[in-house]
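Spelled out from the first residue to the last, the chains are:
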Amino acid sequence: MKKIVLPLILLFAGLGIGGGAAYGVGHFLGPPPAADAHAEEQHEPVETAFIPAGVIMAPIVAEDGNLSGYANFEVQLEVPVDKTDAVTAKLPLLLHAVNMRAFQTPMAAGPQHILPDLKVFAKMVEDAAAESLGKGEIVRAIVISAKPV
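Residues numbered from 1 in each chain as written. Predicted model: local features only at pLDDT ≥ 70, side-chain atom pairs only at ≥ 80, totals over all residues. Heavy atoms only, no water.

Considerations on the confidence of the model for the protein chain
- Taken as a whole, the protein chain shows an average pLDDT of 87; of its residues, 92% reach a score of 70 or greater.
- Taking the mean pLDDT of every element in the protein chain, the minimum, 54, falls on helix 2 (residues 37-41) and the maximum, 94, on strand 2 (residues 67-80). (pLDDT = per-residue confidence, 0-100. Helix = DSSP H or I, 4+ residues; strand = E, 2+ residues; numbered from the N terminus.)

Points about a nonpolar patch on the surface
- A grouping of Ile4, Leu8, Leu11, Phe12 and Leu15 is seen on the molecular surface, where their side chains present a nonpolar patch of about 530 Å² in accessible area.
- By the element assignment, Ile4 lies in helix 1 (residues 2-29).
- For Ile4, a relative accessible area of 54% translates into the label exposed. (Patch = residues over 30% accessible without salt bridge, like charges linked within 9 Å, V, L, I, M, F, W, Y side chains within 5 Å. Areas by Shrake-Rupley, 256 points an atom, 1.4 Å probe, with all protein chains shown as cover. Salt bridge = Lys/Arg side-chain N within 4 Å of Asp/Glu carboxyl O. Buried < 20%, exposed > 50% of the residue type's maximum accessible area, 1.4 Å probe, protein only.)

A look at the nonpolar core
- Formed by 29 residues in total, the largest nonpolar core has its most connected members in Phe73, Val75, Leu77, Leu94, Val98, Phe121 and Val125.
- Elements with a minimum of two residues in this core: strand 1 (48-61), strand 2, helix 4 (91-102), helix 5 (118-132) and strand 5 (140-148).
- Examining the composition of this core, we find that 6 residues originate from one element, helix 5, more than from any other.
- Residue contacts for Leu94: discarding those within four places in its chain leaves Leu77, Val125, Ala128, Ala129 and Ser132. (Core = buried A, V, L, I, M, F, W, Y, C linked by side-chain atoms within 4.5 Å. Contact = heavy atoms within 4.5 Å.)

Brief notes about the environment of Thr88
- Within the fold, Thr88 resides in helix 3 (residues 84-89).
- The class for Thr88 is partly exposed, based on a relative accessible area of 40%.
- Once the C-alpha coordinates of Thr88 and Ile51 are considered, the two residues, 37 residues apart in sequence, prove to be 7.2 Å apart.

Let's talk about the pattern of salt bridges
- Inspection of the entire model under this criterion finds 4 salt bridges.
- A salt bridge links Glu131 to Arg101; the nearest nitrogen and oxygen atoms lie 2.7 Å apart. Here Arg101 lies in helix 4 and Glu131 lies in helix 5, a separation of 30 residues in the sequence.
- A relative accessible area of 24% places Arg101 in the partly exposed class.

Details of the packing of helix 4 against helix 5
- One way to put it is that helix 4 packs onto helix 5 with a least axis distance of 8 Å and a crossing angle of 125°. What the angle tells us is that helix 4 and helix 5 run oblique. Helix 5 is crossed by helix 4, and the crossing has right-handed handedness. Between helix 4, through Leu93, Leu94, Ala97, Val98, Arg101 and Ala102, and helix 5, the contact on the second element is made entirely by Phe121, Met124, Val125, Asp127, Ala128, Ala129, Glu131 and Ser132.
- Its residues assigned to classes, the contact of helix 4 with helix 5 shows 10 nonpolar, 1 polar and 3 charged. (Axes fitted to C-alpha atoms, helices over the stretch in contact; angles between N-to-C directions. Parallel < 35°, antiparallel > 145°, perpendicular 65-115°, else oblique. Left-handed = near helix turned anticlockwise from the far one by under 90°. Nonpolar A, V, L, I, M, F, W, Y, C, P; charged D, E, K, R; others polar.)

A closer look at the pairing of strand 1
- Inspection of the sheet shows strand 1 paired to strand 2 by 13 bridges, in the antiparallel sense. Each residue of the ladder has a partner; that of Pro52, found in strand 2, is Gln76.
- What sits between strand 1 and strand 2 in their antiparallel hairpin is a turn of 5 residues, with Gly65 showing a positive phi close to 95°. (Pairing = 2+ DSSP bridges.)

So, in C-alpha cells, the structure goes:
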C-alpha cells in the first residue's frame with residue numbers, strides 16, 4: 001500500500017505545482033489583453049488615386065558624397081481622391097523639394113555604386129511631399145521605373 005500512495009502523492013503534488021507555475025507565468029508574462037474591436041473600425045480605408053509626377057532626373061550619390069551618375073525615375077503619387085486636384089496643382093513645389101534633397105541623399109547601391117536604391121528614392125519623394133505639400137497629402141510614392149542616364 002505504501003508503494004502506491006507515495007507515487008500518487010508525488011503525482012498530485014507535481015500537477016499542483018506545475019499548474020500553479022503555468023498559471024503564474026501566464027498571468028504575469030502572458031500576452032496583453034485584446035484590443036477593443038471598435039478601435040480598429042475608426043480607421044476606414046481611404047479611396048485613393050494615382051497622379052503621375054512625371055520623370056524626375058536625380059543624381060546617384062554614394063555614401064562618401066561622390067557622384068556616381070544620374071538616373072531618370074518615373075514616379076506616381078498615391079493620394080486620396082479628394083486631394084488629387086490640390087496635389088496636381090502643387091506638383092512643381094514637390095519637384096523643387098525633390099531636387100533640393102537629391103544631392104544630399106545617398107542612394108547609390110550595388111558594388112560599383114552605380115545602381116539607385118529605389119526604396120531610398122521613394123522615401124526621399126515622400127519626405128519632400130510632406131515638406132512641400134503638407135503632411136498627409138500623399139499616401140505613398142511609387143517608383144514605376146528607373147533608367148540610368
